[in-house]
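Chain residues, written in single-letter form:
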Amino acid sequence: MGKTTKKARQTPPLSADRVRTGWQGPAGTRIRLARGQDVEAANALIATTGDGARIILVLAAAIEDGSASSAMVDGLSGGEKAYHVAASHTRRDLPPGPHRPAVPARRRR
C-alpha cells in the first residue's frame, strides 16, 4: 500500500462577500470589515498593546461613515488602483497634510 499524504489546506481568496460576512479567527474571534459601531471596540483592542495607540481620527471617521469599507471593497474587486481612486474620493473634506497632499493652485495667465 502506498503512503497517503495530507493536502495543504488552502485559504479561500478574499472577496467582497467574505470580507463583509467575515470568517472565524483565533480564540473565538471573527475577522471582518469594520463597521461604524466598531471603532471603540477596535480602540479597546489596540489599547491592549499598552503603548497608548488609538485609531487616528481620520480613519475613525472613515470607518463610521462607511467610506473606509467602500474603498476596501472597491480595492478587492478592482485592484490597488481602484482602491486609491475610491479612497481619494471619500475624504475630500480633509485639510492637506502628509496623508493628503495639497492640490496645486491653477496658474493665472
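Relevant structure appears above.
Residues numbered from 1 in each chain as written. Predicted model: local features only at pLDDT ≥ 70, side-chain atom pairs only at ≥ 80, totals over all residues. Heavy atoms only, no water.

K.L.:
Just checking my understanding: could you explain the environment of Ala-34 for this structure?
P.N.:
Mapped onto the elements, Ala-34 comes out in the loop between β2 (30-31) and α2 (39-47). The exposure class assigned to Ala-34 is partly exposed, which follows from its relative accessible area of 35%. Along the sequence, Ala-34 and Val-19 sit 15 residues apart, while their C-alpha atoms lie 9.3 Å from each other. For Ala-34, the residues in contact, after removing those within four places along its chain, are Ile-63 and Ser-69. (Helix = DSSP H or I, 4+ residues; strand = E, 2+ residues; numbered from the N terminus. Buried < 20%, exposed > 50% of the residue type's maximum accessible area, 1.4 Å probe, protein only. Contact = heavy atoms within 4.5 Å.)

K.L.:
I tried to follow the pattern of salt bridges on my own but got confused; where do I start?
P.N.:
Opposite charge on two side chains allows them to pair when their charged atoms are near. In this structure the tally under the stated criterion is three salt bridges. The residue Asp-17 makes a salt bridge to Arg-20 at a minimum N-O spacing of 3.8 Å. With a gap of three residues between them, Asp-17 and Arg-20 both fall in helix α1 (residues 16-21), about one helical turn apart. Residue classification places Asp-17 among the exposed positions, given a relative accessible area of 53%. In this structure Arg-20 comes out as partly exposed when scored by relative accessible area, which is 41%. A salt bridge links Asp-38 to Arg-32; the shortest N-O distance between them is 2.8 Å. Judged by its relative accessible area of 16%, Asp-38 falls in the buried class. In this structure Arg-32 comes out as partly exposed when scored by relative accessible area, which is 30%. (Salt bridge = Lys/Arg side-chain N within 4 Å of Asp/Glu carboxyl O.)

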